[in-house]
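Here is how the chains run, residue by residue.
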Amino acid sequence: MLNSNELFLRRQRRVRFKLRRLAYGRPRLSVFRSSQHIYAQVIDDAKGVTLAAASTLEKDVRKDLKTGANKEAAQAVGKLIAERCKAAGVTAVVFDRGGYIFHGRVKALADAAREGGLQF
């Protein structure tokens, strides 16, 4: 019997495997959420480099938020990652939800990134 962490890792591998087939050379917008913060980074898997990153740990994001673990924080990180991607010259990405359900904070981040101009 697999525990919840092993099931999560299996789900994460399955999502990333499917993304690799569908990417067509686009960078990957990867999301990690903890109980207190949310992080997003755009990764070019072909070169193995991070093109842009944003999280609720940054001071300019933190000052406007009450906590880093709600939908408002996820929206702020989504807008920030979209701005940084535009500055890096990235317009189209593949959304990597990790092993998380596309719901709540993950969905809020994705919607804000779309509103900011990222295409996925």
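Residues numbered from 1 in each chain as written. Predicted model: local features only at pLDDT ≥ 70, side-chain atom pairs only at ≥ 80, totals over all residues. Heavy atoms only, no water.

A.B. asks: Would you mind going over the environment of Gly99 with me for this structure?
C.D. replies: With respect to the helices and strands, Gly99 occurs in the loop between strand E4 (94–96) and helix H4 (105–115). Looking at Gly99, the relative accessible area reads 2%, which means it is buried. Placed 86 residues apart in sequence, Gly99 and Arg13 show a C-alpha to C-alpha distance of 7.9 Å. Excluding residues within four positions of it along the chain, Gly99 makes contact with Phe8, Arg11 and Gln12. (Helix = DSSP H or I, 4+ residues; strand = E, 2+ residues; numbered from the N terminus. Buried < 20%, exposed > 50% of the residue type's maximum accessible area, 1.4 Å probe, protein only. Contact = heavy atoms within 4.5 Å.)

A.B. asks: What am I meant to see in the nonpolar core here?
C.D. replies: In summary, soluble globular proteins display a tendency toward joint burial of nonpolar side chains. Counting residues in each nonpolar core, the largest one holds 25 residues, and the members touching the most others are Leu29, Val42, Ile81, Cys85, Phe95, Leu109 and Leu118. Counting residues per element, this core draws most heavily on helix H3 (residues 71–88), which supplies six residues. Among residues more than four places away in sequence, those in contact with Val42 are Pro27, Arg28, Leu29, Val49, Thr50, Leu51, Ala52, Ile81, Cys85 and Val93. (Core = buried A, V, L, I, M, F, W, Y, C linked by side-chain atoms within 4.5 Å.)

A.B. asks: What am I meant to see in the pairing of strand E1 (residues 28–33) here?
C.D. replies: Each regular strand displays side chains that alternate between the two surfaces of the sheet. Summarising the sheet, E1 and strand E2 (residues 38–44) pair through six bridges and their orientation is antiparallel. Across the sheet, Leu29 pairs through a bridge with Val42, a residue of E2. Count of turn residues in the E1/E2 antiparallel hairpin: four residues. By the bridge criterion, three bridges tie E1 to E4 in an arrangement that is parallel. In the strand pairing of E4, Leu29 is matched with Phe95. (Pairing = 2+ DSSP bridges.)

A.B. asks: Help me out: how do you make sense of a positive patch on the surface in this one?
C.D. replies: Together, Arg10, Arg13, Arg14, Lys18 and Arg21 make up a positively charged patch on the protein surface. Position of Arg21 among the secondary structure elements: in helix H1 (residues 4–22). (Patch = residues over 30% accessible without salt bridge, like charges linked within 9 Å, V, L, I, M, F, W, Y side chains within 5 Å. Areas by Shrake-Rupley, 256 points an atom, 1.4 Å probe, with all protein chains shown as cover. Salt bridge = Lys/Arg side-chain N within 4 Å of Asp/Glu carboxyl O. Lys, Arg positive; Asp, Glu negative; His and termini not counted. Charge placed at Lys NZ, Arg CZ, Asp CG, Glu CD.)

A.B. asks: When you look at the sheet that holds E2 in this model, what are you seeing that I'm missing?
C.D. replies: Backbone hydrogen bonds are what pair the strands of a sheet, in a parallel or an antiparallel way. Across the sheet, four strands lie side by side as E3-E2-E1-E4; this open sheet has mixed pairing. One side of each edge strand has no neighbouring strand; the edge strands of this open sheet are strand E3 (49–55) and E4. Averaged over neighbouring strand pairs, the angle between their axes works out to 20 degrees when direction is ignored. Against the sheet, H1 contacts E1 and E4, and its axis sits at roughly 170 degrees relative to E4. Sheet contacts for H3: E1, E2 and E3; angle to E3, the most-contacted strand, approximately 145 degrees. (Axes fitted to C-alpha atoms, helices over the stretch in contact; angles between N-to-C directions.)

A.B. asks: Just to check I follow, could you spell out the pattern of salt bridges for this structure?
C.D. replies: If charged atoms from side chains of opposite charge come close, those side chains can pair. Tallying each qualifying case throughout the model produces six salt bridges. Residues Arg16 and Asp96 are paired through a salt bridge, measuring 2.7 Å at the closest nitrogen-oxygen approach. Residue Arg16 is located in helix H1, and its partner Asp96 is located in strand E4; the two are separated by 80 residues in the primary sequence. Overall, Asp96 belongs to the buried group, its relative accessible area being 0%. With its nearest N and O atoms 2.9 Å apart, the salt bridge here joins Arg84 to Glu58. Taken together, the positions of Arg84 in helix H3 and Glu58 in the loop between E3 and helix H2 (59–62) put the pair 26 residues apart, joining distant regions of the chain. Overall, Arg84 belongs to the partly exposed group, its relative accessible area being 29%. Residues participating in the shared-partner salt-bridge network are Arg16, Arg28, Asp45 and Asp96.

Note that every value here comes from positions in space, so none of it alone points to a role or purpose.
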